[in-house]
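Each chain, letter by letter, is given below.
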Amino acid sequence: MMSGHFRVRAVGLLAGAGLLATAACGSGTAETASAGDKPRVVAAFYPLQWLAERVGGADIDVSVLTAPGVEPHDLELGAQQIADLQDATLSVYIKGVQPAVDDALGQQGDRAFDAATAVKTLPAAEHAGEEEAHEHEVSYDPHLWLDPSRFATVAGKLGERMAQADPAHAQAYKDRAAKTAADLAALDREMTKGLTSCTSKTMVTSHEAFGYLADRYKLKQIGITLDPESEPSPARIAEVAKLANAEKVTTIFTEALVSPKVAEVLAQEVHAKTAVLDPLEGKPAGGDYLTQMRQNLKTLQTALGCA
Ligand SMILES: [Zn+2]
């Protein structure tokens, strides 16, 4: 009964909006165009939401599939979310991060933008003896947003895709994409400079999320697990402890959305501290992508003894 009542009301509202829009066209004014008229972009998880909001500006309505505080890799989608995703003007995702999203967008063609197609990807990490986490594993490492230079390339491509989807605002998308890419390039320069002279080059991380950051800034990543859902085997923990001791690692990195328990046990074993290095798979508690990456830079500089 309740939902039936609500549906009737919703239809009434839509009819009203249609009348308003018709009236607006007739009188030649555009000011009554409602928010519902904007192209709708659905971003799969936080860094893509940030990018879509920056590039889309006020010309687009952006929503995000992965709620704040939820680890995105194991996201499950309800029927309504799948419908939202498939009905969006443009969906932005990275194939290989979220199997449920990959499945829903598999047939979307032009209306889905896979950011992994915009950059040169790195091969997926492998741990000897460890089983693949799920059947949708791709052959590349999907965590490309953690290299600001690659993410700047994605910004430019996203600007082009938004311009195609909404030609009336094409120049605005391209301008905002260029500004976003410039901000990412500035971050990249700061990180390059800040991570050049460090005592240690080895990061021991909770899951293998920082391959692109390591590649870009000539660091070495040792991830305890390949993905956040899996528990490391005792053999893997022993192996990481051995590597951490050999590399004289002083800090084991934990992340906001994954339990720090395993990292804490390992840190005790190798007499290291722990510190949070955020892979930005979710929205940071404060600030945004750029401020959290700068915080990550500080954390790395302290842990690795950078001048
Ligand atoms: Zn990840």
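Just above sits the structure.
In short, a report on the structure. None of the values given here were measured: they were computed from a predicted structure.

Cut-offs applied
Counting restarts for each chain, with residues numbered from 1 along the sequence as it is written. Two thresholds apply to this predicted model, a pLDDT of at least 70 for residue-level local features and 80 or more for giving and counting side-chain atom pairs, whereas whole-chain, interface and lining totals are computed over all residues. Computation of side-chain values covers all heavy atoms of the structure but excludes hydrogens and water. The definition of a nonpolar core used throughout is a set of buried Ala, Val, Leu, Ile, Met, Phe, Trp, Tyr and Cys residues joined through side-chain atoms within 4.5 Å. Burial classes follow relative accessibility: with a 1.4 Å probe on protein chains only, a residue under 20% of its type's maximum area counts as buried, one over 50% as exposed, and anything between as partly exposed. The contact definition used throughout considers only heavy atoms, calling two residues in contact when any of these lie within 4.5 Å. Each metal's donors are the N, O and S atoms within 2.8 Å of it, or within 3.2 Å when it is Na, K or Ca, and because water is not part of the set, sites may look incomplete. Under this scheme a four-donor centre is tetrahedral when all angles range from 85 to 135 degrees, a four-donor centre is square planar and a six-donor centre octahedral when opposite donors are above 155 degrees with the rest from 65 to 115, and any other centre is irregular. The helix and strand labels rest on DSSP assignments: H or I over at least four residues marks a helix, E over at least two residues marks a strand, and numbering proceeds from the N terminus. Only strands that DSSP links by at least two bridges are regarded as paired with each other. Note on definitions: angles span 0 to 180 degrees between N-to-C directions of axes, and those axes are lines fitted to C-alpha atoms, for helices only across the stretch in contact. Here a cavity denotes a set of grid points, spaced 1 Å apart and computed over the protein atoms alone, in which a 1.4 Å probe fits but from which it cannot get out, and a pocket denotes an open set meeting protein on both sides within 12 Å along at least five of seven lines; residues with an atom within 4 Å of a point are reported as lining. Grid points are joined across faces, edges and corners, and a volume is the space filled by probe spheres set on the points. Here the nonpolar group is Ala, Val, Leu, Ile, Met, Phe, Trp, Tyr, Cys and Pro; Asp, Glu, Lys and Arg are the charged ones; every other residue, Gly included, is treated as polar.

1. Focus: the nonpolar core
Here is step 1: Counting residues in each nonpolar core, the largest one holds 72 residues, and the members touching the most others are Leu213 and Tyr289.
Here is step 2: Beyond its immediate chain neighbours, meaning those up to four positions away, Leu213 contacts Leu146, Met191, Met203, Leu219, Met293 and Leu300.
Here is step 3: Among the nonpolar cores identified, the runner-up in size contains 14 residues, and Val249, Ile252, Ala267 and Ala272 belong to it.

2. Describing the coordination of the zinc ion
Note on metal geometry: ideal angles are 109.5 degrees for four donors arranged tetrahedrally and 90 or 180 degrees for six donors arranged octahedrally.
Here is step 1: Donor atoms from the polypeptide that coordinate the zinc ion comprise His73 (NE2), His143 (NE2), His207 (NE2) and Glu281 (OE), at 1.9 to 2.1 Å from the metal.
Here is step 2: Taken together, the 4 donor atoms coordinating the zinc ion and their angles of 100 to 121 degrees define a geometry best described as tetrahedral.
Here is step 3: Along the chain, the residues donating to the zinc ion fall in the pattern H-x69-H-x63-H-x73-E. Pair noted here: His73 is in the loop between strand 2 (61-64) and helix 3 (79-87) and Glu281 is in the loop between strand 8 (273-276) and helix 10 (289-304), with a separation of 208 residues, a long-range link.

3. Things to note about the sheet that holds strand 4 (residues 112-114)
Here is step 1: The strand order across the open sheet formed by 4 strands is 2-1-3-4, and the pairing between neighbours is parallel. Sheet topology places strand 2 and strand 4 at the edges, where each strand pairs with a single neighbour. Recorded for the sheet is a direction-independent mean angle of 20 degrees between the axes of neighbouring strands.
Here is step 2: As judged from the 4 bridges shared by strand 1 (residues 40-43) and strand 2, these two strands associate in the parallel manner. Looking at the pairing, Arg40 lines up with Asp61 of strand 2.
Here is step 3: On top of the sheet, helix 2 (residues 46-56) reaches strand 1, strand 2 and strand 3 (90-93); it is set at about 175 degrees to strand 2, its chief contact.

4. Notes on the layout of surface pockets
Here is step 1: What the second largest pocket holds in volume is close to 280 Å³.
Here is step 2: What lines the second largest pocket is a set of 18 residues, among which Glu231, Pro232, Val258, Ser259 and Val262 lie closest to the centre.
Here is step 3: Elements with a minimum of two residues in the lining of the second largest pocket: strand 5 (202-207), strand 6 (220-225) and helix 9 (261-269).
Here is step 4: With 5 residues, helix 9 is the single largest residue contributor to the lining of the second largest pocket.
Here is step 5: Looking at the lining of the second largest pocket residue by residue, the class counts come to 10 nonpolar, 5 polar and 3 charged.

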